[in-house]
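Read off the chains here:
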Amino acid sequence: MLLFLGRRVPLSFAHRLTAVCPSSLPRPVLVSSVLLRLRALTRVTHRTVFVSAAGQNRGTMPERRPFVRLPTDVYPVNYGLCLKPDLIDFTFEGKLEALVEVTQATHQIVMNCADIDIITASFVPQGGEEINATGFNYQNEDEKVTLSFPSALQKGSGTLKIDFVGELNDKMKGFYRSKYTTSAGEIRYAAVTQFEATDARRAFPCWDEPAIKATFDIALIVPKDRVALSNMNVIDRKPYPDDENLVEVKFATTPIMSTYLVAFVIGEYDYVESQSSDGITVRVYTPVGKAEQGKFALEVATKTLPFYKDYFSVPYPLPKIDLIAIADFAAGAMENWGLVTYRETALLIDPKNSCSSSRQWVALVVGHELAHQWFGNLVTMEWWTHLWLNEGFASWIEYLCVDHCFPEYDIWTQFVSADYTRALELDALDSSHPIEVNVGHPSEVDEIFDAISYSKGASVIRMLHNYIGDEDFRKGMNAYLLKFQHKNASTEDLWDCLEQASGKPIAAVMGSWTKQMGFPIIVVDQEQQGDERILKISQKKFCASGPHNGEDCPNWMVPISICTSEDSKCTKLKVLLDRPETTITLSGVSPDQWVKINPGTVGFYRIQYSSSMLESLLPGVRDLSLQPVDRLGLQNDLFSLSRAGMISTVEVLKLMEAFVNEPNYTVWSDLSCNLGVLSSLLSHTDFHEEIQEFIRDLFTPIGLELGWDSKPGEGHLDALLRGLVLGKLGKAGHKPTLEEARRRFRDHVDGKQVLPADLRSPVYLTVLKHGDSATLDTMMKLHKQADMQEEKNRIERVLGAISAPDLIQKVLNFALSEEVRPQDTVSVIGGVAGSSKQGRKAAWKFVKDNWEELYNRYQGGFLISRLIKLSVDGFAIDKMAAEVKSFFESHPAPAAERTVQQCCENILLNAAWLKRDSDDIQQYLLQRKAPPV
């Protein structure tokens, strides 16, 4: 699953059972009336609720809820599942006939079940008489049901039969409804699924744990004018006997797989189709009338499948793969085996109206989800503790895949800004967590879908790949996939395979990165002796509040590479730092050469150079002799050290001025991001305008060089850079940029000259930031008229730039209106909070005032964590940390406990930073303007 985690860049054949024949479903009572009747009952007879304490915010680590995994005395071999959704009443009927194995005699079967009402349940032993269940005990808190039987179910095979009803909810999880509008303007609903992590149990009673794999025979009863899709290909489609408007669609038996990867979609879609070079049928399903917008993703997918087949030396195991755009979708995408679901903005590209960053995003997301078809679906983590292995690996290899398909994207440099530095920021907090987290209760799983699992996971795998080398890495990956295909594995299993392939101590090295949180800062000093450079290197834990000085300081096994100015791209020496400090001798290094640690910015650590070493590296920034990724890494390290109070922020501002000749998009992107953090911090002072002037001065030369219009021979990165620079200048109030943005906006609105897609975000942002109620009204009108979700999102993300308090409130109210899709409300509110001091205050008040509705909307999933982070992370006053903590103590959000702690920590860090450095920053910014004496 790929989440919108707020990237820093702007942007897994056993037995087969014949499928349940849908026509054998009992003549249904109207499902909605059954649901109402069942819900009206007190259910004292059959429902026992075990309630554990709702998690409060309790300091450094959220308290773990008591949790027990499912018993192993009964397990499924095949699910025969038939579902009949009602797209009008938003309910569904289900019939399950599961072939199960009883491993020891028992009177009960315990399964996962949530928001489902069981009507009848029975067990038929192989060759025996049917035994009806006499009671269903629902443990709501643990999302389990216990089926009780009057006599013991004996060891051996049997069939468990369950008839049940459920609701097509509007929470974007389980089996849910997704709203869309037809070309005639009629509102309709599709029925779609999102099961990861623990929501298959909302669609059918099941053993909803990743290690309890089975095969699936799925049948859907749907309106005959709707498309019905599932993991496998359709093997039969025939009229439904009881209603001429319905059809019965049966799908082929799946391979053995986990419940969280099952999927079905019923709706109205068009598609484009192709075949990969290895013979797999690939389809991209789009909203009706928008098939053209699926062509880019289709091209990426047909290139990607053979790339992964070659990389892993394991073929894709299913006959087809469908990629489908879902209107209401909480995550970015979900890797359901053979039926990958996406947000529209993560799949659809309009050749005329999509910007370069959207193309890149679609390529990365397609690469991510298709990697999971092997790594996650074919071989699955044994338990959610190992989720990082799925997500970290896919978040790394998506870049490898995009680099193969689109080498012109310079995507690995972008990885450092998008993933690597984001992970370092989060992992420096005291409230971070190790990559591997012991997960118990389902409500804890959502907590680890974060930048540690994804971005730190990807970063340490990138470091591991570099340490091992590509050939041995691929050899180990192939051994792992072959050994564990159609099974489950743990982190250690992968380390074993990579260790055997490479002969290196992989488990020992990687254990220090996955089992303890944080990372080291590598402190480096040097001494010249003849033509030898003596380096003294030490490690200690890096903390966002400064270096760790306690006695129990953890150590890491750190792969360290070193290069010199002789060749900045060639590693002169590699060592494994497995102790607190060491001394290294480099021969053949003359006194005038610089030495750089971590070339390529691959090792997951910060570096603090001695002042003389740093001084010698600075010319490499100005004359561009340092690689772009290393210019970026140097600046980012210093920025982080300044926030931690280890150097003055003024030193970083001085370094930033050395980037005036910088040509690289990603370097500018990272600079821009850090200046944005600084600008937000200084909005709490009375010299905010001075930092705007600094930004204008820094970005003006590159802005003039690029101009507004693309030139012949320019490529993808030029387009990204132009959008970034113009947006930065416009927001900072650069007058010529503002005037030109206003002129082009007027022409765009009047239909004289449509804005190129790559210029829309910077222009919209600029005119709104310096606009009035008429500007906001025009933008709202553009939003309403937009036919493409990408354009709607583009507008939603910048609406918060408006300055007037009454208009800020109007934008916040708009966020919860029908005009904004539920998953996009978060980015509208976040846009307000991130734009100004006034916006931050207004957004936080709005979240508090509307908490019940917002919490209910997202049901405690990862979007609620995202909302909290975006709303409060920018505060820089100690008392705000106390206010935020207090609010969430009285309004618990269990899945966001860690996020709340991280936000409170960030607020306190911001306040300390401001207190410590604001006077020096002000003095420096004023002195820059003073005429020379």
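Here, residues in each chain are numbered from 1, in the same order as that chain's written sequence. The predicted origin of the model limits local features to residues at a pLDDT of at least 70 and limits the giving and counting of side-chain atom pairs to 80 or more, whereas totals for whole chains, interfaces and linings rest on all residues. Based on all heavy atoms of the structure, the side-chain values leave hydrogens and waters out of the count.

## Observations regarding the overall build of the chain
Turning to step 1, where the next piece is worked out: Helix and strand assignments come from DSSP, with helices taken as H or I runs of at least 4 residues and strands as E runs of at least 2, each series counted from the N terminus. Secondary structure summary: the chain contains 27 helices and 30 strands in total.
Turning to step 2, where the next piece is worked out: All radius of gyration figures rest on C-alpha atoms, and the globule criterion is 2.2 Å times the number of residues raised to 0.38. For 933 residues, the compact-globule estimate of 2.2 N^0.38 gives 30 Å, and the chain sits close to it at 28 Å.
Turning to step 3, where the next piece is worked out: Taking the principal axes of its C-alpha atoms as reference, the chain extends roughly 100 × 65 × 55 Å.
Turning to step 4, where the next piece is worked out: Looking at the chain as a whole, 63% of its 933 residues qualify as buried.
Turning to step 5, where the next piece is worked out: Carbon and sulfur atoms provide 51% of the accessible area of the chain, an area that totals close to 33,800 Å². Think of it in three bands: with a 1.4 Å probe and only protein chains considered, a residue is buried below 20% of the maximum accessible area for its type, exposed above 50%, and partly exposed in between. All accessible-area figures derive from a Shrake-Rupley calculation using a 1.4 Å probe, and residue coverage is judged against the displayed protein chains alone.

## Describing the packing of helix α8 (residues 470–484) against helix α9 (residues 491–502)
Turning to step 1, where the next piece is worked out: Fitted lines through C-alpha atoms serve as axes, helices being fitted only where they are in contact, and the angles separating the N-to-C directions of these axes extend from 0 to 180 degrees. Axis separation between α8 and α9 bottoms out at 8 Å; the angle between their running directions is 135°. By the angle between their directions, the pair α8 and α9 is classed as oblique. Read as a crossing pair, α8 and α9 show a hand that is right-handed. Contacts between α8 and α9 pair D472, F473, K475, G476, M477, A479, Y480 and F484 from the former with D493, L494, C497, L498, A501 and S502 from the latter.
Turning to step 2, where the next piece is worked out: Any residue outside Ala, Val, Leu, Ile, Met, Phe, Trp, Tyr, Cys, Pro, Asp, Glu, Lys and Arg is labelled polar, Gly included; the first ten of those are nonpolar and the last four are charged. Residue composition of the contact of α8 with α9, grouped by class: nine nonpolar, two polar and three charged. Note that the term roughly parallel is reserved for angles under 35 degrees, roughly antiparallel for angles over 145, roughly perpendicular for angles of 65 to 115, and oblique for everything else. Definitions for this section: a left-handed crossing has its near helix turned counterclockwise from the far helix by less than a right angle. A right-handed crossing has that turn clockwise. Residue contacts are defined here by distance: any two heavy atoms, one from each residue, within 4.5 Å place the two residues in contact.

## Observations concerning the confidence of the model for the chain
Turning to step 1, where the next piece is worked out: Counting all residues, the mean pLDDT for the chain is 90, and 93% of those residues have values of 70 or more.
Turning to step 2, where the next piece is worked out: Scored below 50 in pLDDT, residues 4–62 shows 162 contacts in the model against residues more than four places distant or in partner chains. Per-residue confidence from the prediction method is given by pLDDT, with values spanning 0 to 100.

## Examining the sheet that holds strand β16 (residues 270–275)
Turning to step 1, where the next piece is worked out: Two strands are counted as paired when DSSP detects at least two bridges linking them. Here we have five strands laid out as an open sheet, ordered β16-β17-β18-β20-β19, and mixed in their pairing. Of all strands in the sheet, those with a lone pairing partner are β16 and β19 (333–334), marking the two edges.
Turning to step 2, where the next piece is worked out: Here helix α3 (residues 356–372) sits on the sheet and contacts β18 (320–326), β19 and β20 (339–343); the angle it forms with β20, its principal contact strand, is near 150°.

## Observations regarding helix α10 (residues 506–514)
Turning to step 1, where the next piece is worked out: The buried fraction of α10 amounts to seven of the nine residues, a majority that puts the element mostly inside the structure.
Turning to step 2, where the next piece is worked out: Among the residues making up α10, those that are buried are I506, V509, M510, G511, S512, W513 and T514.
Turning to step 3, where the next piece is worked out: Lining the buried residues of α10 we find α4 (387–405), α7 (451–468), α9, β23 (520–529), β26 (558–564) and β27 (573–577).

## Some points on the sheet that holds β26
Turning to step 1, where the next piece is worked out: An order of β27-β26-β29 is seen for the three strands of this open sheet, with the pairing classed as antiparallel. Since the sheet does not close on itself, it has two edges, and those belong to β27 and β29 (595–597), each with one partner. When the angles between neighbouring strand axes are averaged without regard to direction, this sheet yields 25°.
Turning to step 2, where the next piece is worked out: Where β26 and β29 come together, three bridges link them in antiparallel fashion. The partner of C563 across the bridge, within β29, is K596.

## Let's talk about the packing of helix α5 (residues 411–427) against helix α14 (residues 665–682)
Two measures define how a pair of helices packs: the angle their axes make with one another and the distance between the axes.
Turning to step 1, where the next piece is worked out: Look at α5 against α14: their axes get within 8 Å of each other, and the N-to-C directions meet at 25°. Comparing the axis directions of α5 and α14 gives the class roughly parallel. Helix-helix and strand crossings are classified by hand; for α5 and α14 the assignment is left-handed. Two secondary-structure elements touch here, α5 through T413, Q414, S417 and T421 and α14 through Y665, T666, S669 and D670.
Turning to step 2, where the next piece is worked out: In the contact of α5 with α14, the residues fall into one nonpolar, six polar and one charged.

## Notes on the pairing of strand β24 (residues 532–543)
Each regular strand displays side chains that alternate between the two surfaces of the sheet.
Turning to step 1, where the next piece is worked out: Inspection of the sheet shows β23 paired to β24 by 10 bridges, in the antiparallel sense. The residue bridging P520 from the neighbouring strand is K541, located in β24.
Turning to step 2, where the next piece is worked out: Between β23 and β24, which pair antiparallel in sequence order, lie two residues; one of them, G530, sits at a positive phi of approximately 65°.
Turning to step 3, where the next piece is worked out: Here β24 hands over to strand β25 (residues 546–547) after two residues, the two strands then running antiparallel side by side.

## Details of helix α13 (residues 649–657)
Turning to step 1, where the next piece is worked out: Those residues of α13 not exposed but buried are T649, V650, V652, L653, L655 and M656.
Turning to step 2, where the next piece is worked out: Buried residues along α13 sit in contact with α11 (611–622), α12 (628–643), α14, α15 (688–706) and α27 (897–929).
Turning to step 3, where the next piece is worked out: In protein, a polar contact requires one atom able to donate a hydrogen and another able to accept it; more generally it is a pair of N or O atoms within 3.5 Å, and residues adjacent in sequence count only if both atoms are side-chain atoms. Sitting at the head of α13, S648 places a side-chain oxygen 3.1 Å from the backbone nitrogen of V650.

## Remarks on the pattern of salt bridges
Turning to step 1, where the next piece is worked out: Salt bridge criterion: a side-chain nitrogen from Lys or Arg within 4 Å of a carboxyl oxygen from Asp or Glu. Here the structure, examined in full by the defined rule, presents 55 salt bridges.
Turning to step 2, where the next piece is worked out: Residue E566 pairs with K572 through a salt bridge whose shortest N-O separation is 3.7 Å.
Turning to step 3, where the next piece is worked out: Residue classification places E566 among the exposed positions, given a relative accessible area of 56%.
Turning to step 4, where the next piece is worked out: A residue is classified by how much of its surface remains accessible, and K572, at 35% relative accessible area, is partly exposed.
Turning to step 5, where the next piece is worked out: Among the charged side chains, a salt-bridge network with shared partners connects D115, E143, D199, R201, R202 and D208.

## Brief notes about the packing of aromatic side chains
Turning to step 1, where the next piece is worked out: Pairing of aromatic side chains here covers Phe, Tyr and the six-membered ring of Trp, requires ring centres within 6.5 Å, and sorts the geometry by plane angle: under 30 degrees stacked, over 60 edge-to-face, intermediate tilted. Tallied over the full model, the rule gives 46 aromatic pairs.
Turning to step 2, where the next piece is worked out: Measuring from centroid to centroid gives 5.1 Å for F92 and F175, while their planes differ by 55°, and the two rings are tilted. Within this pair, whereas F92 is found in strand β2 (residues 91–102), its partner F175 is found in strand β9 (residues 174–181), the two being separated by 83 residues in sequence.
Turning to step 3, where the next piece is worked out: For F92, a relative accessible area of 0% gives the class buried.
Turning to step 4, where the next piece is worked out: Overall, F175 belongs to the buried group, its relative accessible area being 0%.
Turning to step 5, where the next piece is worked out: Here W851 and F888 contribute two aromatic rings whose centre-to-centre distance is 5.3 Å and whose plane-to-plane angle is 75°, an arrangement assigned as edge-to-face. Residue W851 is located in helix α24 (residues 851–858), and its partner F888 is located in helix α26 (residues 878–890); the two are separated by 37 residues in the primary sequence.
Turning to step 6, where the next piece is worked out: By definition, being over a ring means that NZ of Lys or CZ of Arg is both within 6 Å of the ring centre and within 35 degrees of the ring normal. For the cation-ring pair, R283 lies above Y271, with the distance from its terminal atom to the ring centre recorded as 4.0 Å.

## Observations concerning the environment of Q275
Turning to step 1, where the next piece is worked out: Here Q275 is to be found in strand β16.
Turning to step 2, where the next piece is worked out: Between the C-alpha atom of Q275 and that of K320, which follows or precedes it by 45 residues, the distance is 9.1 Å.
Turning to step 3, where the next piece is worked out: For Q275, the residues in contact, after removing those within four places along its chain, are I280, T281 and T302.
Turning to step 4, where the next piece is worked out: Within the local environment of Q275, its side chain forms a polar contact with the side chain of T281, the two groups lying 3.4 Å apart.

## Structural notes on unusual backbone geometry
Excluding glycine, residues mostly have negative phi values, and the peptide bonds linking residues are mostly trans.
Turning to step 1, where the next piece is worked out: Of note, the amide linkage connecting E196 to A197 takes the cis form, showing an omega dihedral of 10°.
Turning to step 2, where the next piece is worked out: Its identity is not glycine, yet F90 carries a phi of approximately 60°, on the positive side.
Turning to step 3, where the next piece is worked out: With respect to the element layout, F90 can be found in the loop between β1 (74–86) and β2.

## Regarding the environment of G174
Turning to step 1, where the next piece is worked out: Following the sequence through the fold, G174 ends up in strand β9.
Turning to step 2, where the next piece is worked out: For G174, a relative accessible area of 0% translates into the label buried.
Turning to step 3, where the next piece is worked out: Every residue in contact with G174, bar those within four places of it in the chain, is listed here: V192, T193, Q194, F195, D199 and R202.

## Side note on the environment of R237
Turning to step 1, where the next piece is worked out: Looking at the element boundaries, R237 is found in strand β13 (residues 234–240).
Turning to step 2, where the next piece is worked out: Residue R237 is classed as partly exposed on the basis of its relative accessible area, which comes to 42%.
Turning to step 3, where the next piece is worked out: For R237 and T700, which are 463 residues apart along the polypeptide, the C-alpha to C-alpha distance reads 63 Å.
Turning to step 4, where the next piece is worked out: A distance of 3.1 Å separates a polar side-chain atom of R237 from the backbone oxygen of K224.

## Quick word on the state of the cysteines
Turning to step 1, where the next piece is worked out: Criterion for a disulfide: a pair of cysteine sulfur atoms at a distance within 2.5 Å. Counted by the stated rule, this structure contains zero disulfides.
Turning to step 2, where the next piece is worked out: Note on C206: no disulfide assigned, nearest cysteine sulfur contributed by C113 at a separation of 8.4 Å.
Turning to step 3, where the next piece is worked out: No disulfide involves C405; its sulfur sits 4.4 Å from that of C401, the nearest cysteine.

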